[in-house]
Amino acid sequence: MTMPASGTVSPVALNVFSALLEARTGQQIASYRSWRIDVALKPLLRERGLDTLDQLVTLLLDGQDVRVGDQIVNALVNQETSFFRDAPVFDLVLEAVAGAEAAGRRPRIWCAGCSTGQEPLSLAMLFAERAEGGRPMPEIIATDVSEAAVARARAGRYNQFEIQRGLPIRRMMRWFDSEGGDWVARPELTRLVTVRRHNLVADHPPGGAFDVILCRNVLLYLSPTTKAAVFARFAAAMRPGGTLVLGAGETVIGQTDAFAPSRRLRGLYERTGDRPAPSHAAAA
Amino acid sequence: MKTCLVVDDSKVIRKVARHILETLDFTVSEACDGREALDACLASPPDVILLDWNMPVMSGMDFLRALREAPIPTRPKVVFCTTENGMAYIRAAIEAGADEYVMKPFDRDTLESKLQIVGMA
């Protein structure tokens, strides 16, 4: 048998890694994105002293080291994120919690698929600065399927490139300290966010009802069936009138009946069933 | 098109910055020290200035202070772009009137992000 050189993904490796990722996270690697497997797993190959992805498959299937599967999944999950990504969305989130605030409730926000934490920390900075004017500080829960991402989000530690993507310098000065070449979120910021490991496909949502759920650029990796199930879970985890925030290129249209485009917040979605009935129906 | 003045004594940095900025649809001009940059701003102020700290003739900080007192009709955005990455330097730059701060080394994403923050990209 000829072993493929590093830089290529054999059909066996592609099948094994795709199946592992889907089983653990529900995420699919479309064949056109299979190049990502090679790029994403190169550091793990180096760390393990392996030359080829097929050797990594052998190590995984051997089952002697249970950490291998976690490491492969951590590497394959797309962790692309940045501070204040798609900045206008954050203003809409402020509007989305207005109802809860008007009702005298502390808003609850869930960042589902928070990757390395830049999104929930952005929200925490935004709301903490606003709270100084007497507005309530929401409860922010951030989750991700990757243990490595969760650990990084909890630590709030970012390298020079990560800290500079999307974060205005004044906010960096206020909320982060320089430490050994990295920038680390101060405890008064990290304590505003609860970070947990959570599998969108397999686990029940965090307890309590949410006013806003952000799940940006995560669901696009799920199959239509799995995606519909996740939408249903989100709907069940929301308060009436709750708002769902998806990535810029994502939509609920044709994917689920549980949400519909918000009439109030352009580009966001609201849970269906909470809207008043159309006037002709009300008159009937 | 928006205009950007790149002020850096390193030809390599000016070349890299120019390349990135041109892909972001900026018209780019260059200066290799603060004095040259100040003359350029007095003649025709750009929309944004990408500014190194340590340069011969006139440093970035001296340039910034002079710029903010100069009789020019607009207020160009100033983005420091320097290897001086300590908090004390960053604070001093912001207090002197810089709008943003890029810590070198930088890449396209960083520069684009910072220009977006100051409303220039």
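Chains are numbered independently. Their residues run from 1 in the order of the written sequence. Here every chain gets a letter starting at A, and every ligand a number starting at 1, in the order they are written. Local features in this predicted model are restricted to residues of pLDDT 70 or higher, and side-chain atom pairs are both shown and tallied only at a pLDDT of 80 or more, whereas totals for entire chains, interfaces and linings draw on every residue.

As annotated in an unreviewed UniProt entry, chain B carries the name Response regulator and is attributed to Sphingomonas kyungheensis.

The name given to chain A in an unreviewed UniProt entry is CheR family methyltransferase, with the source organism recorded as Sphingomonas kyungheensis.

Thoughts on the pairing of strand E3 (residues 48–51) of chain B
All names here are of chain B. The burial criterion counts other C-beta atoms lying within 10 Å of a residue's C-beta, which is placed from the backbone; the residue is buried at 20 or more, exposed at 12 or fewer, and partly exposed between these limits. Helical segments are the DSSP runs of H or I of at least four residues, strand segments are the runs of E of at least two, and each set is numbered from the N terminus. The side-chain alternation of E3 yields two buried faces, one formed by Val48 and Leu50 and the other by Ile49 and Leu51. Strand pairing is assigned whenever DSSP identifies at least 2 bridges connecting the two strands. Note: strand E1 (residues 2–7) against E3, four bridges, orientation parallel. Bridging from a neighbouring strand, Cys4 pairs with Val48 of E3. Sheet topology note: the E3/strand E4 (residues 77–82) ladder contains four bridges and is parallel. Among the inter-strand pairings, Ile49 is bridged to a residue of E4, identified as Val78.

Some thoughts on the packing of helix H1 (residues 11–25) of chain A against helix H3 (residues 53–62) of chain A
Residues and elements named next belong to chain A. Axis lines are fitted through C-alpha atoms, for helices just across the contact stretch, and the angle between N-to-C directions can take any value from 0 to 180 degrees. The geometry of H1 relative to H3 is characterised by a closest axis approach of 9 Å and an angle of 45° between their N-to-C directions. Taken together, the axes of H1 and H3 lie oblique to each other. Once H1 is placed against H3, the crossing between them reads as left-handed. Residues Val12, Ala13 and Val16 of H1 form the contact with H3, whose own contacting residues are Leu53, Asp54, Val57 and Leu60. Orientation categories follow fixed angle ranges, with anything under 35 degrees roughly parallel, anything over 145 roughly antiparallel, 65 to 115 roughly perpendicular, and all other angles oblique. Left-handed describes a crossing in which the near helix is turned anticlockwise from the far one by less than a right angle; the clockwise case is right-handed. Two residues qualify as a contact pair if the distance between their C-beta atoms, derived from the backbone, is within 7 Å.

Things to note about the environment of Glu162 of chain A
Its location among the elements puts Glu162 of chain A in helix H9 (residues 160–164). Each C-alpha atom of the pair Glu162 of chain A and Ala100 of chain A lies 33 Å from the other, and the pair is 62 residues apart in sequence.

A few points about the domain arrangement of chain A
Residue and element names in this part refer to chain A. The domains assigned to chain A are domain 1 (11–76) and domain 2 (88–271). Each domain span listed reflects an automatic or database assignment of domains. The distance between the C-alpha centroids of domain 1 and domain 2 comes to 28 Å. Each partner contributes to the interface: domain 1 provides seven residues, whereas domain 2 provides 11 residues. At three residues, helix H4 (residues 67–76) tops the list of elements feeding residues into the side of domain 1 that touches domain 2. Ten residue types, Ala, Val, Leu, Ile, Met, Phe, Trp, Tyr, Cys and Pro, are classed as nonpolar, four, Asp, Glu, Lys and Arg, as charged, and the remainder, Gly among them, as polar. Classifying every residue of the side of domain 1 that touches domain 2 gives one nonpolar, five polar and one charged.

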